[in-house]
Each structure stands twice: as C-alpha cells, then as structure tokens.
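Here are the chains, one letter per residue:
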Amino acid sequence: RYRWATDLANPLTKFVGIVRDANDPSRIIVSSESEAFILSLPNGNLLARERFQKVVNTPPVQVGNLGVYGTSVGEVLAHLYGRGVKAWGFDTIGAIEADIVTVGDTLCAVSQAGDVMFLGGDGTLRGRARIYGPLANNPVANETAVFIAGTDQSVWAFDAQGRSLWRYRTAERLTAQPALHEGVLYVHIPGDGMKAFDAVSGSVKWTQKDAAGEVIGLRGSNLVVRTDRGLALLIPSDGGVENTVDLPGVTRVVTDQFVDGRLYAVNTNGLIAKFAPQ
C-alpha cells in the first residue's frame, strides 16, 4: 500500500536515480537530469531542491557531502549537497552514460568514447585506461578492480590505477549487465551463454549455454538469472541448471539485495509483485 507520494516535476522530466543519503538515512536524494530533490524518507516532504550546473546522466555516487555524477558533455561532476554548487569537475571525451562505480576509495567512470577514468574523491586523476567502444550496460567493481563488458567484444578488468589485469575477447558485442559476487564475474556472452570468470585471473570457471540472461541475485544456494522467458536457477559451482520458471508478461525483475533479497516483478499492466525469501 502507499505510504506517501509526491510530485516533484512535470511528466516529461527524466529521473536518473534515487539513493538514500549516506550521511542521513532519514533522507533520500532523487536526481533528475537537472536537479537534486532532497526528501524526508518517513513522509516524503521536500527538504531541498538544488540545480546542477550541467545535465547529468547517472545516479550519484556519494562521497561525503558530494554527489558525483556523469554528464552528457563528458564531465564527471561533483555537486555539493546543501550548498547547491559544483565542487569539482573532470573532463573527458564522450558522454558518460554508464553508472560510476567505486574501486575501494577510487571512483571509476567510463565514457561512451572508451575513456576509463579513476578519480579520487577530490577529483584528482589516479589512473586512466582505454577500451575500444561504448557501453550498453554498467561496470561492476570490488575493492581492488573494476570489470567492464563492452560493445568492443571484450570483457576487461582494471585495477584502481588503470592498469590492465586481464582481457577476454568475444565474438559478439556485450550488452547484458554483468554481475560480480565473491570473486566470480558472471557475463552473458551471445552465442556462448552465461560464463563465470575468476575475477582475479580471468580464467573461465564454467559456461552454461542454456541460461542466457543476467544474474540478479543468489537465492539459497542457487544463482538467480533473469532470462528472456523468465527465471533460471543455476548451481554456482558448475553452472548446472537447477530449475527454470516461465514468467509470461513480466517485463522486469529486480532484487533489493544480491544475497537472499526480495524479488520484485513488474508486468505489462504495471502490476508490481513482491516475493520474500522463506
């Protein structure tokens, strides 16, 4: 049931992210392309409204009181919440449309021109790398490395200084969202199926041709894969198919956390269903 609702802008406004304020869990930060709306989580009251200096494309990564965004003009922009001003910016070539991720305490942004930037929270450059095409998904990262599945037909791994750790070449463009969990990177590769890579070495642990899609979580002892037809449950050790479920009419399935999270499914009629682990 509804707890509260509030209209923040007109129906044509594009929103890019909703995050909980890391400094105050009772507030959420709702970001459109041009503004940040600070809301009270318990009742939805609008506490502040701040304009960005440039149009942003990505959800923010919060560093202290800064919200770090990717922009359509190729700038990583740090917005200072509470003051409503730009704190710093770092320019590159190509729009930044993929989510910015953190590698330990380092920010990593990838532009659509293939520029991979590693920045400190103050905007200083810590490293740089390059891939050979734009992204149709988002990078994933842990404390030591970032992993990129690109349209340049490659899976890439870089450390926080931009040094290449490994690269796996593919026969097709990679567009599905990769997933990373406990040292294993899961990537759907067209024509091959789901592959599990050792995140450190890049070696292939297993391949499952019958599970084409995106790993969205771990339920019990099985990986949950969103496929074109529904869901598949895979055995993490070898990729074996434990079960499949057809979900006709379901357009989206997401989890609120990777391990034993709640599943939310949305169908073509706008119905949202919530499934809790038992």
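Preceding this section is the structure that the text describes.
Residues numbered from 1 in each chain as written. Predicted model: local features only at pLDDT ≥ 70, side-chain atom pairs only at ≥ 80, totals over all residues. Heavy atoms only, no water.

Draft legend 1. Structural detail: the side chain of Q208. Relative to the helices and strands, Q208 is located in strand 20 (residues 204–208). Leave out the neighbours within four places in its chain, and Q208 touches D192, G193, M194, L234, G239, G240 and V241. (Helix = DSSP H or I, 4+ residues; strand = E, 2+ residues; numbered from the N terminus. Contact = heavy atoms within 4.5 Å.)

Draft legend 2. Highlighting the nonpolar core. If you look at the biggest cluster of nonpolar residues, it comprises 15 residues, and the most contacted ones within it are C108, V110, V116, I131, V146, I148 and F158. Every element with two or more residues in this core is listed here: strand 9 (101–103), strand 10 (106–110), strand 11 (115–119), strand 14 (145–150) and strand 15 (154–159). In this structure, V110 is in contact with I96, A98, D115, V116, I131, L135, P139 and I148, ignoring residues within four places of it in sequence. Counting residues in hydrophobic clusters, the runner-up holds 14 residues, among them V140, A145, L185 and F197. (Core = buried A, V, L, I, M, F, W, Y, C linked by side-chain atoms within 4.5 Å. Buried < 20%, exposed > 50% of the residue type's maximum accessible area, 1.4 Å probe, protein only.)

Draft legend 3. Quick peek at the sheet that holds strand 16 (residues 164–169). With respect to topology, 4 strands assemble into an open sheet ordered 13-14-15-16, the strand pairing being antiparallel. Sheet topology places strand 13 (140–141) and strand 16 at the edges, where each strand pairs with a single neighbour. Sheet analysis places strand 14 next to strand 15, joined by 6 bridges and oriented antiparallel. Residue pairing for strand 15: G150 is matched across the bridge by S154. (Pairing = 2+ DSSP bridges.)

Draft legend 4. Quick peek at the pattern of salt bridges. Under the counting rule described, the total for this entry stands at 11 salt bridges. For D24, the salt bridge identified is with R27, shortest N-O distance 3.8 Å. Accessibility expressed as a relative area gives 28% for D24, which makes it partly exposed. Residue class for R27 comes out partly exposed when judged on its relative accessible area of 25%. Between R163 and D159 there is a salt bridge, with the nearest N and O atoms lying 2.8 Å from each other. Salt bridges sharing common partners tie together D21, D24 and R27. (Salt bridge = Lys/Arg side-chain N within 4 Å of Asp/Glu carboxyl O.)

Draft legend 5. Molecular detail of the environment of I272. Here I272 is to be found in strand 27 (residues 272–275). I272 gets classed as exposed once you look at its relative accessible area, which sits at 57%. Taking the C-alpha atoms as reference points, I272 and D198, separated by 74 residues in sequence, lie 35 Å from one another.

Draft legend 6. Representation of the sheet that holds strand 23 (residues 230–234) within the structure. Taking strand neighbours across the sheet as the criterion, the 4 strands line up as 21-22-23-24 in an open arrangement whose pairing is antiparallel. Pairing within the sheet leaves two strands with one partner each, and these edge strands are strand 21 (213–219) and strand 24 (241–246). Within the sheet, the average angular offset between the axes of one strand and its neighbour, ignoring direction, is 25 degrees. (Axes fitted to C-alpha atoms, helices over the stretch in contact; angles between N-to-C directions.)

Draft legend 7. Seen up close, empty space enclosed by the protein. One pass over the full model with this rule turns up 1 cavity of 30 Å³ or more. If you add up the space inside the largest cavity, you get close to 30 Å³. Every residue lining the largest cavity is listed: G217, L218, R219, V224, T255, F258, D260, G261 and L263. Tallying contributions element by element places strand 21 first for the lining of the largest cavity, with 3 residues. (1 Å grid on protein atoms, 1.4 Å probe; cavity = no way out; pocket = protein on both sides within 12 Å on 5 of 7 lines; lining within 4 Å. Points joined across faces, edges and corners; volume = space filled by probe spheres on them.)

Draft legend 8. Region of interest: the pairing of strand 20. Note: strand 19 (residues 193–198) against strand 20, 4 bridges, orientation antiparallel. Residue pairing across strands places A196 opposite W206, the latter belonging to strand 20. Between strand 19 and strand 20, which pair antiparallel one after the other, the connecting turn spans 5 residues, and G202 there sits at a positive phi close to 85 degrees.

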